[in-house]
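Residue-level structure breakdown
If you want the building blocks of each chain, they are given just below.
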Amino acid sequence: MSPVVTRTPEELRAALAGLDGTVGLVPTMGALHSGHASLVAKAAEENDHVVVSVFVNPLQFTDLGDCDDYRDYPHDVDKDVAFLSDKGVDVVFAPEAEAMYPQGVPEVWVRTGRMGEVLEGAWRPGHFDGVATVVTKLLSLVRPARVYFGQKDAQQLMIVRRMVSDLNLGPEVRAVPIVRAADGLAESSRNQHLSPEARSRALALPRALAAIADGTDLETARAELAAAEGVELDYLEIVDPATFTADPEGTLALGAIRVGGTRLIDNRLLG
Ligand code: AMP
């Protein structure tokens, strides 16, 4: 079965009107891979219908998308739709930015507060406000029973959980474990940008997280990662996953590095 492809909120509403029963929503930015497929599989298992959004949201990028990271983000909706065929997806919502933000940059945003300002939020100011704002729009358009997020983006997952609870947005937020390639690198749309050499250098990040899980202390793991060839370390921290405050006794280790111009994040639950 091929999904119905919708490009505007109006087309999406018309497609949703034809569905009976529970809907699971999987928000993505496209360039779909096996990590996304795992979210879709769980959504198909737990709901009568599945909606996948494919939208590279400019609000969550530096300078509201006026940056190379946004311009270079892989974008091929036809390929994504082909990837989703026969995966139990009823509707794909793939709007252009003009369809999502017809009046340009919104006046009213969702503000994520301290949890959105640490770690990824410190390196990407405004990022989580952009995420929270677009997720709120998607939830209000689709009104799903459940919405699916990957543990890969652990901070995003926890912020969305808090947002849905704090703002009574309604859906159950379901988390899906990180899908890794055979070499241990977490699957990511950005991995397409890695040369074979950069990819092998990037493995220093999952190795550092594994070392922490095996008992290496944070300082040592951080020093080793910072010294790894071709790796620029943004952060390596252990936090309390409920609040994202640094906590040596915390149960979540996370890191971000840049390798050959590509920024990668990863994390690992401890214990
Ligand atoms: P993205 O398209 O990168 O914004 O990701 C869309 C959703 O897929 C987010 O909830 C991500 O956390 C999730 N996701 C991305 N990569 C992975 C992965 N390797 N394993 C599990 N979930 C993932």
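Residues numbered from 1 in each chain as written. Predicted model: local features only at pLDDT ≥ 70, side-chain atom pairs only at ≥ 80, totals over all residues. Heavy atoms only, no water.

Turning our attention to the packing of aromatic side chains. This model, assessed by the stated rule, comprises three aromatic pairs. Here the aromatic rings of Phe61 and Tyr70 are separated by 5.2 Å at their centres, their planes lie at 65°, and the arrangement is edge-to-face. For Phe61, a relative accessible area of 4% puts it in the buried group. Ring centres of Phe61 and Tyr73 lie 6.0 Å apart, and the angle between their planes is 80°; this geometry places the pair in the edge-to-face category. (Phe/Tyr/Trp six-rings, centres within 6.5 Å; stacked < 30°, edge-to-face > 60°. Buried < 20%, exposed > 50% of the residue type's maximum accessible area, 1.4 Å probe, protein only.)

To continue, consider the UniProt feature "active site" (unreviewed entry) in the protein. When the UniProt feature table is mapped onto this chain numbering, "active site" (unreviewed entry) sits at His36. Inspection of the secondary structure puts His36 in helix α2 (residues 34–46). Non-local contacts of His36, meaning those with residues more than four positions away in its chain, are made with Thr28, Gly30, Ala31 and Ser189. (UniProt positions renumbered as here; feature names shortened; annotations may be inferred. Helix = DSSP H or I, 4+ residues; strand = E, 2+ residues; numbered from the N terminus. Contact = heavy atoms within 4.5 Å.)

Now for empty space enclosed by the protein. As enumerated under the stated definition, the model contains one cavity of 30 Å³ or more in all. If you go around the largest cavity, the residues you meet are Lys152, Leu185, Ala186, Ser188, Asn191, Ala202, Leu205, Pro206, Ile257, Leu264, Ile265 and Asp266. Looking at the lining of the largest cavity, the elements that each hand over two or more residues are α10 (204–213) and β10 (262–269). For the lining of the largest cavity, the element with the most residues is β10, which contributes three residues. Residues belonging to the lining of the largest cavity are distributed by class as follows: eight nonpolar, two polar and two charged. (1 Å grid on protein atoms, 1.4 Å probe; cavity = no way out; pocket = protein on both sides within 12 Å on 5 of 7 lines; lining within 4 Å. Points joined across faces, edges and corners; volume = space filled by probe spheres on them. Nonpolar A, V, L, I, M, F, W, Y, C, P; charged D, E, K, R; others polar.)

Inspection of the region around the ligand gives 17 residues, with His36, Gly150, Asp153, Val179 and Glu187 positioned closest. Between Gly150 and the ligand, the recorded distance is 2.9 Å, taken from a backbone N or O atom to an oxygen atom. A distance of 2.6 Å separates an oxygen atom of the ligand from a polar atom in the side chain of Asp153. Relative to its unbound accessible surface of 480 Å², the ligand loses 93% to contact with the protein. For the shell around the ligand, the secondary structure elements donating two or more residues are β2 (23–28), α2 and β5 (146–150). (Near = heavy atom within 4 Å. Polar contact = N/O pair within 3.5 Å; in protein donor to acceptor, adjacent residues only side chain to side chain. Areas by Shrake-Rupley, 256 points an atom, 1.4 Å probe, with all protein chains shown as cover.)

Time to look at the sheet that holds β5. Strands sit in the order β1-β4-β3-β2-β5-β6 across an open sheet of six strands; the sheet is parallel. One side of each edge strand has no neighbouring strand; the edge strands of this open sheet are β1 (4–6) and β6 (172–176). Averaged over all pairs of adjacent strands, the angle between their axes in this sheet comes to 25°, without regard to strand direction. In this sheet, strand β4 (residues 91–93) lies alongside β1 in parallel orientation, the contact comprising three bridges. Considered in β4, the bridge of Val5 is made with Val92. Against the sheet, helix α8 (residues 154–166) contacts β5 and β6, and its axis sits at roughly 165° relative to β6. (Pairing = 2+ DSSP bridges. Axes fitted to C-alpha atoms, helices over the stretch in contact; angles between N-to-C directions.)

Here we take up the UniProt feature "binding site: beta-alanine" (unreviewed entry) in the protein. UniProt records the feature "binding site: beta-alanine" (unreviewed entry) for Gln60 in the present numbering. Checked against the element boundaries, Gln60 lands in the loop between β3 (49–54) and α3 (68–71). In contact with Gln60, other than residues within four places in its own chain, are Met29, Arg124, His127, Gly130, Val131 and Val134. A distance of 2.9 Å separates polar atoms of two side chains, one belonging to Gln60 and the other to Asn57.

A few words on α10. Side chains of residues three or four places apart in an α-helix project in the same direction, reflecting 3.6 residues per turn. Here α10 lies mainly inside the structure; seven of its ten residues are buried. Burial in α10 covers these residues: Ala204, Leu205, Pro206, Ala208, Leu209, Ala211 and Ile212.

Another point: the side chain of Ser188. With respect to the element layout, Ser188 can be found in the loop between β6 and α9 (196–202). Not counting residues up to four positions away in its chain, the partners in contact with Ser188 are His33 and Lys152.

Okay, the sheet that holds strand β9 (residues 252–259) next. Pairing is antiparallel in the open sheet, where four strands are placed in the order β8-β7-β9-β10. Strands at the two margins of the open sheet, each flanked by one partner only, are β8 (245–246) and β10. For strand β7 (residues 231–240) and β8, the ladder comprises two bridges, and the chain directions are antiparallel. Pairing of Asp240 across the sheet is with Thr245, part of β8. This element, helix α11 (residues 218–227), spans β7 and β9 of the sheet and lies at about 160° to β7.

The subject of this paragraph is the domain arrangement of the protein. By the assigned domains, the protein splits into domain 1 (4–176) and domain 2 (189–269). Counting residues at the interface gives 22 residues for domain 1 and 21 residues for domain 2. Buried surface at the junction of domain 1 and domain 2, summed over both partners, amounts to about 1,800 Å²; 55% is from carbon and sulfur atoms. Contact with domain 2 buries surface across domain 1, with Leu119, Glu120 and Trp123 losing the most and accounting together for 31% of the total. Where domain 1 touches domain 2, the interface holds two salt bridges. Between Glu120 and Arg263 there is a salt bridge, with its nearest N and O atoms 2.8 Å apart. Going through the elements one at a time, α6 (120–123) and α8 are the ones with two or more residues in the side of domain 1 that touches domain 2. Per-element accounting of the side of domain 1 that touches domain 2 gives the leading share, three residues, to α8. Here the residues of the side of domain 1 that touches domain 2 sort into ten nonpolar, five polar and seven charged. (Domains from an automatic or database assignment. Buried area = accessible area lost by both parts, 1.4 Å probe. Salt bridge = Lys/Arg side-chain N within 4 Å of Asp/Glu carboxyl O.)

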